[in-house]
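Observations on chain architecture
Given next are the chains, with one letter for each unit.
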Amino acid sequence: MERIAPLRLAEKWDNVGLLLESPVEKQEPGNVLLTVDLTPAVLAEALTKETSVIVSYHPTIFSGIKSMTLSNPLQKSLLRCAAQGISVYSPHTSLDSVWGGINDWLAEGLMKGKDDGQIRALVGEKLSPATGESEGAEGRLVTLNEPIGIDVLEKRIKSYLKLSQIQVGYPANGPSSSIIRSIAICAGSGGSMLLGKDADVYFTGEMSHHEVLAAVAAGKHVILCGHTNTERGYLPILAAKLQAELRTNEARDQGLQAVKVIVSQQDKHPLQIV
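The rules behind each value
Residues numbered from 1 in each chain as written. Predicted model: local features only at pLDDT ≥ 70, side-chain atom pairs only at ≥ 80, totals over all residues. Heavy atoms only, no water. Core = buried A, V, L, I, M, F, W, Y, C linked by side-chain atoms within 4.5 Å. Buried < 20%, exposed > 50% of the residue type's maximum accessible area, 1.4 Å probe, protein only. Helix = DSSP H or I, 4+ residues; strand = E, 2+ residues; numbered from the N terminus. Domains from an automatic or database assignment. Contact = heavy atoms within 4.5 Å. Polar contact = N/O pair within 3.5 Å; in protein donor to acceptor, adjacent residues only side chain to side chain. Buried area = accessible area lost by both parts, 1.4 Å probe. Salt bridge = Lys/Arg side-chain N within 4 Å of Asp/Glu carboxyl O. Nonpolar A, V, L, I, M, F, W, Y, C, P; charged D, E, K, R; others polar. Pairing = 2+ DSSP bridges. Axes fitted to C-alpha atoms, helices over the stretch in contact; angles between N-to-C directions.

Attention shifts here to the nonpolar core. Membership of the largest hydrophobic core comes to 43 residues, with the highest contact counts inside it found for L34, L153, I183, F203 and I223. When contributions to this core are tallied by element, the ones reaching two or more residues are β2 (31-35), α4 (102-108), β8 (140-149), α5 (150-161), β10 (179-189), β11 (201-206) and α8 (235-245). If you count residues domain by domain, this core takes at least three from each of domain 1 (7-94 + 232-263) and domain 2 (99-228). Once residues within four sequence positions are removed from consideration, L153 is found in contact with L110, I148, I180, I183, V201 and I223.

So, in structure tokens, the structure goes:
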């Protein structure tokens, strides 16, 4: 995971890495289960799939914990993981920032093809302390070679994320005259990063009411798809990358060649449209 998404790329406010290390040693390495959130349903699934590690994109521990009790549902899940020999790792914003990570995956879905536009950093690039080479950046800015209508962009996003509905905020001139050339992107909750950026569209999972008002008043379009809907589709890509790491000579020498990387089938957006 460190080779896929170096933890040094995470935001300073974030909590990433190995968040729970189970003291229970298993005779054989178990599987790796990928999820956006560690919910009770995901934990139940993990227990049926001989799991040793859950890679939970969102941190299961975010702020200080003064106690660990069964009365708290999240803490109960963590305690059960520890007792069942399951450790928990979170990459979160390091996976957002790294080149080839979640934000790049979102950006690619806005273009017809790789030659349809340019993907750049939205905020300053992050450099490797060892080599000085760029490893990633905060957010992405897509600049299309040819402008498109907002309706075309909406259809592309719904098709790419496999969503029947999205939320769109239009500036005062309305959707009929909206021609789009640039889109600012942030997976998850991107209001604080996107506001004030020079782009025709702000594309993220969710923004607060007042952030949306401020963006629309500034003449920007806002496209919201639901927080985890902008993240979950990347899990199969992460699974392929991690499975490849577990097929290296180094991994085989550690007896990890039989480990399977599985994408959770129980991980879902917590809200449904009814």
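In this structure, H58 sits in the loop between β3 (51-56) and α2 (73-83). At 2.7 Å, the side chain of H58 and the side chain of D37 are in polar contact. Beyond its immediate chain neighbours, meaning those up to four positions away, H58 contacts V36, D37, S90, H92, H227, T228 and E231.

Each domain of the protein chain was delimited in the assignment, giving domain 1 (7-94 + 232-263) and domain 2 (99-228). A straight line from the C-alpha centre of domain 1 to that of domain 2 covers 29 Å. Facing 13 residues of domain 1, the contacting portion of domain 2 comprises eleven residues. Counting the surface lost from both domain 1 and domain 2, the interface buries some 1,100 Å², and carbon and sulfur atoms represent 54% of this. When the buried area of domain 1 at its contact with domain 2 is split by residue, R8, L9 and Y234 rank highest and sum to 48% of it. Seen at the junction of domain 1 and domain 2, the total is two salt bridges. Remark: the boundary between domain 1 and domain 2 carries seven residue pairs in polar contact (both at pLDDT 80 or more). Grouping the constituent residues of the side of domain 1 that touches domain 2 by class yields six nonpolar, two polar and five charged.

Attention now goes to the sheet that holds strand β5 (residues 117-121). What the six strands build is an open sheet, ordered β5-β8-β10-β11-β12-β9; its pairing is mixed. The open sheet has two edge strands, β5 and β9 (167-169), and neither has a second partner. Pairs of neighbouring strands in the sheet enclose a mean axial angle of 25 degrees, with direction left out of account. Seen against the sheet, α5 touches β8, β9, β10, β11 and β12 (221-224) and runs at an angle of roughly 125 degrees to β8. Lying on the sheet, helix α7 (residues 209-217) is in contact with β9, β11 and β12; it crosses β12 at an angle near 145 degrees.

Within a beta sheet, neighbouring strands are joined by backbone hydrogen bonds and run either parallel or antiparallel to one another. Within the open sheet, the five strands sit side by side as β1-β4-β3-β2-β13. Their pairing is mixed. The outermost strands of the open sheet, each flanked by one partner alone, are β1 (17-20) and β13 (261-263). Looking at each pair of strands side by side, their axes are set apart by 30 degrees on average, direction ignored. By the bridge criterion, five bridges tie β2 to β3 in an arrangement that is parallel.

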